[in-house]
Amino acid sequence: MRYLFLLTITPVQDFISQARKLKDLYGGSTILSKMSEVGIEYAKKRGATIIFPQQTEGKNSYPNRFLIEISFDNEDKLKSFASNMSNEILNYFRNLNKTKSSIVQKHIEDFFQIYWSASEYSGEYKDAFDEVEKRLAGAKNSRFFSQLGEVGRKCSICGERNIAIYQKPMRFYIKEQRKKLLVAKKSDNIQHGEGLCGVCYVKRKSTTKGFDSISDITIMNIPVEIRERYNYLQNDNQLFYEENLIKEYFQKNDIDYPLDECLRELQEFKKAIRGEYKQTSYYAIVMFDGDDMGKWLSGQKLNDKSRLKEFHKDISSYLSIFATEANHILKEPKGITVYAGGEDFLGFVNINNLFEVLQELNTQFNELISKPLKEKYGLSDNFTFSAGVVIAHYKTPLGTVLNEVRKSEKKAKKNAGKDSVCFTVLKRSGEIRETVLKFESFFELEYITKQLNKNFSDNFISVLEKEFLLMCDKNGELDNSLNSMVYTELERTLKRSLKIESAKDNIVLMVDSIRKIHTVNFRNFTNGLYICRFINKEIG
Ligand SMILES: [Zn+2]
């Protein structure tokens, strides 16, 4: 009998995004991708045909869900195949635990769940697919997990499970807890006062990838050749930031360089980059996934439903080709791609390259996925994605920024018609500015930012906000009938914000550009302008 077989590994979001360091993020996504790969390889060896994910060339991440076609004489054989495969996948994770700690082992045993479903596939592919999806959703719902609350000090990263390993000094309120725990060695890469549960510990340990601190991203726009000239500073990019050149910071991070030498190097570094490069403390996290994936995969948007299987394979291989391209688009010195696989993407961008990177990702998504799908299947809809983009200070806890970027992505997806991007700026002062825009109007942001750099002062933004915010309703919306007033006022204030007389002709273009990011929600609109102002101040 032939079956369609669908398997998913959970939880994914929490596993990846519970992170304090870049290493944790890399670790999480590498482990998940590896687990999927183990499952897929197992299935292939037993004669399965993989429908998705289709892997093309390049080192892309494997998504946590896969669909295969496989034959067995009877259902028992299918069941034992499923349970053996699940075990293989889980064993990969279990074997990452190199300690003898029973706490680590328990955390690891309990963490992942694998769900699978199968349906007989003798007639139409679409029927079998609908069935296998429905069954998987059912399997996920019917499982009940009792979470036994552990008493004691919790993990510094996830805050969910107890500490299994810690680095001194650490206080325990329940003295007994300390006895059973591992004390971290230097190679464990655990900071003073940090304590990790088994799962977070294994994540931290499981990657050798280089980037460790967020300042590695914020400093990227200044060429390595320049940074290498500084004997001490080059060893830790955080030392390029003056606020870290203090005794307390050195003690906390076990740095034994002479502080006065570091300070001298920093002065020289600042002199060397003056006028050439601007040092920023802000970076951006970009997260996106394909819009309406459920509708696409169910074949709802397909004219000829009998082509669904071919369509699944194509969509998956185009996504894989895009993932390879995404890894090329976002790499040093523009930033780093943490995860690109399936329809998901997560990357860190140096703020100098933010517009360029987003633009390029959007263009390639369209060129490599949407266009070929439309052509081959005569589709009327574009296949699009929506992105959350959060700009944050390198000292803001990574966990906080990752939470924001998830929220931001959700907001982008709620925007009518999707194909949107939600920008959030988290200033260190605590101020938050957020705007949701269609991807097409996002190009205007880049233009406005550039104009703010050269031709206009940003006064007009606060004037506009002051004048019209009072007329908005409680949701921040401004009545459409006032639009012409807004535009007249925009033109008047722009004239007064002109920095150089010769740029006079740009007023019309600027008004035009700003009108394109104008939304009914007035706060959303002015926040967009504030974000341009912020980015310009950081990079200009
Ligand atoms: Zn943890």
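The numbering scheme is per chain: residues are counted from 1 as the chain's sequence reads. Confidence filtering applies because this is a predicted model: local features only for residues at pLDDT of at least 70, side-chain atom pairs given and counted only at 80 or more, and all residues used for totals across whole chains, interfaces and linings.

(A) The arrangement of the confidence of the model for the protein chain in detail. As a per-residue quantity, pLDDT reports the predictor's confidence and falls between 0 and 100. On average, residues of the protein chain score 93 in pLDDT, and 98% of them reach the 70 mark or higher. Strands are runs of DSSP state E lasting at least two residues, helices are runs of H or I lasting at least four, and both sets are numbered from the N terminus onward. Summarising per-element confidence for the protein chain, the mean pLDDT is lowest in helix α6 (residues 175-179) (83) and highest in strand β11 (residues 385-393) (98).

(B) Here's a closer look at the environment of S513. Residue placement: S513 occurs in helix α19 (residues 506-516). S513 sits 11 residues away from S502 along the chain, and the two C-alpha atoms are 19 Å apart. With sequence-adjacent residues up to four places away left out, S513 is seen in contact with E444, Y447 and I448. This entry defines residue contacts through backbone-placed C-beta atoms, with two residues in contact when those atoms are within 7 Å.

(C) The arrangement of helix α15 (residues 398-414) in detail. Residue count minus one, scaled by 1.5 Å, sets the expected span of a helix. The end-to-end C-alpha separation of α15 is 25 Å, in line with the 24 Å expected for 17 residues at 1.5 Å each. Between the buried cut of 20 or more and the exposed cut of 12 or fewer other C-beta atoms within 10 Å of a residue's own C-beta lies the partly exposed class, and all C-beta atoms are placed from the backbone. For α15, the set of buried residues is L398, V401, L402, E404, V405, S408, E409, A412 and K413. Buried positions along α15 lie against α1 (13-17), β8 (282-290), β11, β12 (420-426) and β13 (432-438).

(D) Fine view of the pairing of β13. In this description, strands pair whenever DSSP reports at least two bridges between them. Where β12 lies against β13, 7 bridges are found, and the strand directions are antiparallel. Residue pairing across strands places S420 opposite K438, the latter belonging to β13. Here β12 folds back onto β13 in antiparallel fashion, the turn holding 5 residues, of which G430 has a positive phi close to 105°.

(E) Spatial organisation of the packing of helix α2 (residues 22-45) against helix α3 (residues 75-94). To define axes, lines are fitted to C-alpha atoms, for helices over the stretch in contact only, and angles between the resulting N-to-C directions are given on a 0 to 180 degree scale. Their axes nearest at 9 Å, the elements α2 and α3 cross at an angle of 150°. Note on packing geometry: the crossing formed by α2 with α3 is right-handed. Contacts from I31, K34, M35, V38, G39, Y42 and A43 in α2 reach M85, E88, I89, Y92 and F93 in α3. Here the contact of α2 with α3 is built from residues that sort into 9 nonpolar, 1 polar and 2 charged. In this scheme, a crossing is called left-handed if the near helix is turned counterclockwise away from the far one by less than a right angle; it is called right-handed if the turn is clockwise. Each residue gets one label: Ala, Val, Leu, Ile, Met, Phe, Trp, Tyr, Cys and Pro are nonpolar, Asp, Glu, Lys and Arg are charged, and the others, such as Gly, are polar.

(F) Focus on the sheet that holds β12. The strand order across the open sheet built from 6 strands is β9-β10-β8-β11-β12-β13, with neighbouring strands paired in mixed fashion. Two strands bound the open sheet, and with one partner strand each, they are β9 (335-341) and β13. For this sheet, the mean angle separating the axes of adjacent strands, direction not counted, is 10°. Summarising the sheet, β11 and β12 pair through 6 bridges and their orientation is parallel. Residue pairing for β12: G388 is matched across the bridge by C422.

(G) The sheet that holds strand β3 (residues 65-71), seen in detail. The sheet built from 4 strands is open, its strands ordered β2-β3-β1-β4 with antiparallel pairing. Edge positions in the open sheet fall to β2 (49-52) and β4 (113-120), since each of these has one partner strand only. Across the sheet, the mean angle separating the axes of adjacent strands is 25° when strand polarity is ignored. Pairing geometry for strand β1 (residues 2-10) and β4, over 8 bridges, is antiparallel. Paired with F5 across the strands is A118, a residue of β4. Its contacts with the sheet place α2 against β1, β2 and β3, and it is angled at close to 10° to β3. Contacts between α3 and the sheet are confined to β1 and β4, with β4 contributing the most and set at about 155° to the helix.

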